[in-house]
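Chain and residue survey
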Amino acid sequence: MNEATLEIPYEIPEDARNPVEPFLRMDRMPHIWCPACGIGTTVNCFTRALIESKANLDKVAIVSGIGCTGRVAGYAQLDSFHTTHGRAIPFATGLKLANPELQVVVYSGDGDLFAIGGNHFIHAARRNMDLKVICVNNMIYAMTGGQTAPTTPVTAVSSTAPYGVSEPTFNLVALAEAAGASYVARWTTYHVKQLARSMQEILSRKGFCFIEVLSPCPTLYQRRNKMGDGLDAMKDYKAKSKIRNGAPTTECELSKEGEIVVGKFVDRERPDYLEVLKAQLHQSLGERYIEPEVSCCSEC
Amino acid sequence: MHADPRGVLTGVHFLDGDHACCEGTLAAGARFAAGYPITPSTEVVERFASRIPTVGGLFIQMEDELAASITLQGAVWGGAKAFTVTSGPGFSLMMEHIGYAAMTETPCVFVNVQRGGPSTGLPTLPAQADMMQARWGSHGDYGIIALCPNSPQECFDLTITGFNLSEEFRVPVMMMLDECVGHMTEKVVIPPAEQIEVTPRRLATKPPGEFRLFEPGENQVPEMLRAGDGYRFHVTGLTHDERGYPSMNVETQDKLVRRLLDKLKPFENGRALCETEGLEDAEVVVVSYGITSRVAQRALQMAREQGVRAGKFRIISAWPFPVQRIAELAGRVKAFVVPELNMGQMVHEVERAAAGKAKVVHVPHAGGTVHNPDVILKAIVEAAR
């Protein structure tokens, strides 16, 4: 994305301090995120992606679960839903199916999407539901004080694993690919340009798209693991990340100290849920089939 | 407004309660269902899955009940009238989202065809033991509406009523069938669409910028929105102010929770649904609902034959409980007899409403089958002494 040629199709208030303000509920600022937390950076990338994609913001809805990243929906100046823990994806599924003209973005954290919500993630990917899922992975349950998540690296210390995590770490990108996602990428909050570009890319893709963003949690994860502050996290991401577009996702496991493979791993065309369903029903029912007009409000 | 004729299967049918309930959802305007099939409720979604592609809607079978019960709410905020169907074990899993629907004031319908519990219990056999769960199952204070049909015809009629009430009060409505009513096959008359009244969603009348999604309107019920219409609104399960923004303070909590309960007061007091018979001279009143009301009918008939002045009070809207109606009766009858297919649930409500003014006799049954009418008769006769 070239800032010099960035065209902003939205009206930016004269007193705005930042071009992303029209995308945020400024009446809800300041936000709750800690200094040096990466979630705000991802939101900034997301607003850049919306600007670049020239999306009609009235037709973009954002759905979050519970947790630090779960609060993103509450700050986005869009139709926004803060749902229950782990259930952002099934809520988004209903929203999308009832109103397919909406671009539905699920924005949530690693614990929400992959522990309590893991089952919904794999089934939405299997169905190739037309959802854009952005997972901010801070490797911990941060909102509640830094408990172990399925993404907390082995040997890392958390409040519920004071002697180090012993369970294997979930490889989210491999899971997403195996379950059937159409698009899979991973970036860190150091890679702001690439992340914004990836986000913009999924806004134009059909089907289940997934971006994992590694994001620092200096307050809980880094402090407990003696990994320094937010700046140290950026240096760490810079030193350890390796861009390998198209890398086999099974080789992209994350660990406490090891290499961070980033890039776009999967970008494949698969008909999405509604396309397949409609085609099949057309074939089975012929002229008797009536395409869904689910919204009751079109007539009333 | 009248029902959309595409969903109305006008005519005289021979249907079981589950199928009749499905026809009720279609007549009411439901064009979206999310389900995780479970005995003995499966037939509702099976029929919906078969019917809906020719009506112009969608059915999606979700990965579990947690998903089904929130997917339908996503669909509601996308503009649909939507429902899900389940039985005991699935109902337990749905509690989280019954709370979410109550908190976010999402109009929707949960159909529970009750079977024996606890846990997996008796998958294919009847019970009425989820009545308290329907009212209190999710955490926190909130109100819901629950309706108890006792025939396939009522499964059709009351399902429409249920959808209409959910729109009027912006609450989740529970259709509390039981396995017997769900699987009982009888005549069901489906009227022409123009004779079916359907409550449309009350959408915002004010433009974006002026409209507040949780500002109580008339009768304390706010107007609704649909995603994609340019309002850029926010919905959260957190305690929220009238804009829908989270607000973690005591005043907001007090105002919101009181309104969630108070908005159902008009229904509780004036519009409770019930069926009565022989109350004019009754000394004993049998209070029952669902399949048990049909067994009780036989017991009432036998009691009258024996010269006992027995009357019928059939609860149709179980929640909010018709306190006022029972309290009025308590002042002039000797006793209430309360048979139900559980070990004591709605009887506590009858006791609360009777407030010691009349004796309350419980006739419990652990479920698996229905009462023997003789057992109810014995209770009536003893109560009349």
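Residues numbered from 1 in each chain as written. Chains lettered and ligands numbered in written order. Predicted model: local features only at pLDDT ≥ 70, side-chain atom pairs only at ≥ 80, totals over all residues.

**Description of the overall build of chain A**
Looking only at helices and strands, one finds ten helices and eight strands in chain A. The C-alpha atoms of chain A give 19 Å as radius of gyration, which agrees with the globular expectation for 300 residues (19 Å, within 12%). For chain A, the spread of C-alpha atoms along the three principal axes comes to 65 × 50 × 35 Å. When each of the 300 residues of chain A is scored for burial, the buried share is 51%. Sequence separation of at least 24 residues holds for 67% of the intrachain contacts in chain A that already meet a minimum separation of 6. (Helix = DSSP H or I, 4+ residues; strand = E, 2+ residues; numbered from the N terminus. Rg over C-alpha atoms; globule rule 2.2 N^0.38 Å. Buried ≥ 20, exposed ≤ 12 C-beta atoms within 10 Å, placed from the backbone. Contact = placed C-beta atoms within 7 Å.)

**What about the sheet that holds strand β12 (residues 284-288) of chain B?**
Residues and elements named next belong to chain B. Read from one edge of the open sheet, five strands run β11-β13-β12-β15-β16, paired in mixed fashion. Every interior strand has two partners, whereas the edge strands, β11 (274-277) and β16 (359-364), have only one. Direction aside, neighbouring strands of the sheet carry axes that sit 20° apart on average. Pairing of strand β15 (residues 335-340) with β16 involves six bridges; the strand directions are parallel. By the bridge assignment for β16, V338 is matched with H362. Seen against the sheet, helix α10 (residues 290-305) touches β12, β13 (310-315) and β15 and runs at an angle of roughly 165° to β12. (Pairing = 2+ DSSP bridges. Axes fitted to C-alpha atoms, helices over the stretch in contact; angles between N-to-C directions.)

**Some remarks on the domain arrangement of chain B**
One can read the domain layout of chain B as domain 1 (5-195), domain 2 (218-267) and domain 3 (275-384). Just the C-alpha atoms count here: the centres of domain 2 of chain B and domain 3 of chain B sit 38 Å apart. (Domains from an automatic or database assignment.)

**Describing the pairing of strand β4 (residues 132-137) of chain A**
All names here are of chain A. With six of its six residues buried, β4 lies for the most part within the structure. Alternating positions in β4 separate into two faces, K132, I134 and V136 on one and V133, C135 and N137 on the other, with burial throughout. The pairing of strand β3 (residues 103-109) with β4 spans five bridges and is parallel. Bridging across to β4, G109 finds its partner in V136.

**Description of the pairing of strand β5 (residues 108-116) of chain B**
All names here are of chain B. Among the nine residues that make up β5, nine are buried, leaving the element largely enclosed by the rest of the structure. Relative to β5, strand β4 (residues 82-86) runs parallel, the two being bridged by four bridges. Residue pairing across strands places T84 opposite F110, the latter belonging to β5. Note that the unit made of β4, helix α4 (residues 88-104) and β5 has a crossover that is right-handed. Strand direction decides the pairing type here: β5 and strand β8 (residues 172-178), joined by seven bridges, are parallel. The residue of β8 that forms the bridge with V109 is V173. (Right-handed = clockwise from strand over helix to strand, strands pointing away.)

**Quick notes on the environment of T124 of chain B**
Residues and elements named next belong to chain B. Looking at where T124 falls in the secondary structure, it is placed in strand β6 (residues 122-126). T124 sits in the exposed class, given 11 other C-beta atoms within 10 Å. The sequence separation of T124 and T39 amounts to 85 residues, and the corresponding C-alpha distance is 6.4 Å. Residues contacting T124, with those up to four places away along its chain left out, are T39, P40 and E179.

**A word on the interface of chain B and chain A**
Counting from both sides, the interface comprises 47 residues of chain B and, opposite them, 41 residues of chain A. Within the residue set of the side of chain B that touches chain A, elements represented by two or more residues are β2 (32-35), β3 (58-61), α3 (65-77), α4 and β10 (234-236) of chain B. Take the side of chain B that touches chain A: its biggest share by element is nine residues, from α3 of chain B. Alignment of strand β2 (residues 79-82) of chain A against β10 of chain B, held across three bridges, turns out to be parallel. Within β10 of chain B, the residue paired with F81 of chain A across the bridge is V235 of chain B.

**Thoughts on the confidence of the model for chain A**
For chain A, the mean per-residue pLDDT works out to 94, and 95% of the residues sit at or above 70. Scored below 50 in pLDDT, residues 1-5 of chain A shows six contacts in the model against residues more than four places distant or in partner chains. (pLDDT = per-residue confidence, 0-100.)

**Let's talk about unusual backbone geometry**
Among all residues except glycine, the phi angle is most often negative; among peptide bonds, the trans geometry is most common. All names here are of chain B. Note that the residue after T39, namely P40, is joined by a cis bond; omega there is 0°. For P40, the position within the fold is in the loop between β2 and α2 (42-51). In this model, W319 is joined to P320 through a cis peptide bond whose omega is -10°. With respect to the helices and strands, P320 occurs in the loop between β14 (317-319) and α11 (323-330). You will see that E105, though not glycine, has its phi angle at about 55°, which is positive.

**Overview of the environment of A279 of chain A**
All names here are of chain A. Within the secondary structure, A279 is located in helix α10 (residues 273-285). Since 11 C-beta atoms lie within 10 Å of it, A279 is described here as exposed. Linking A279 and T47, residues 232 residues apart in sequence, is a C-alpha distance of 35 Å.

**Overview of helix α6 (residues 152-169) of chain B**
Residue and element names in this part refer to chain B. In this model, α6 (18 residues) spans 25 Å end to end at C-alpha, consistent with the 26 Å of a helix rising 1.5 Å per residue. Among the 18 residues in α6, 15 count as buried, and that is most of the element. Count one or two residues on from α6 and you reach R170, which has phi positive near 50°. (Expected span 1.5 Å × (residues − 1).)

**Focus on the sheet that holds strand β5 (residues 183-188) of chain A**
In spatial order, the strands read β7(A)-β8(A)-β5(A)-β6(A)-β4(A)-β3(A)-β1(A)-β2(A)-β10(B); together these nine strands make up an open sheet with mixed pairing. Edge positions in the sheet fall to β7 (241-243) of chain A together with β10 of chain B, since each has one partner strand and no second. Across the sheet, the mean angle separating the axes of adjacent strands is 20° when strand polarity is ignored. Each of β5, β6 (209-214), β7 and β8 (260-267) of chain A touches helix α9 (residues 230-240) of chain A; the most contacted strand, β7 of chain A, lies at about 45° to it.

**Let's talk about the nonpolar core**
Judged by nonpolar contacts, the single largest core of 212 residues is most densely connected at V63 and L95 of chain A together with F32, I144, V286, V337 and I380 of chain B. Here this core takes eight residues from α3 of chain B, the largest share from any one element. When neighbours within four sequence positions are excluded, V286 of chain B is seen to be in contact with A296, A299, L300, A310, K312, F313, V337, I376 and I380 of chain B. (Core = buried A, V, L, I, M, F, W, Y, C linked by C-beta atoms within 7 Å.)

**Some points on the packing of helix α1 (residues 17-28) of chain B against α2 of chain B**
Residues and elements named next belong to chain B. Closest axis-to-axis distance for the α1/α2 pair is 8 Å, and the angle between their directions is 50°. When the interaxial angle is binned, α1 and α2 end up oblique. Classified by chirality, the crossing of α2 by α1 is right-handed. Every residue of α2 that contacts α1 at D18, H19, C21, C22, T25 and L26 is listed here: E43, V44, R47, F48 and R51. Looking at the contact of α1 with α2, its residues break down into five nonpolar, two polar and four charged. (Parallel < 35°, antiparallel > 145°, perpendicular 65-115°, else oblique. Left-handed = near helix turned anticlockwise from the far one by under 90°. Nonpolar A, V, L, I, M, F, W, Y, C, P; charged D, E, K, R; others polar.)

**Looking at the packing of helix α1 (residues 39-53) of chain A against helix α7 (residues 192-203) of chain A**
A pair of packed helices is captured by two measures, namely the crossing angle of their axes and the spacing between those axes. All names here are of chain A. Their axes nearest at 8 Å, the elements α1 and α7 cross at an angle of 50°. Judged on the interaxial angle alone, α7 and α1 are oblique. Judged by the twist between their axes, the crossing of α1 over α7 is right-handed. Across the interface between the two elements, T41, T42, C45, F46, R48, A49, E52 and S53 from α1 touch V192, L195, A196, M199, Q200 and L203 from α7. Its residues assigned to classes, the contact of α1 with α7 shows eight nonpolar, four polar and two charged.

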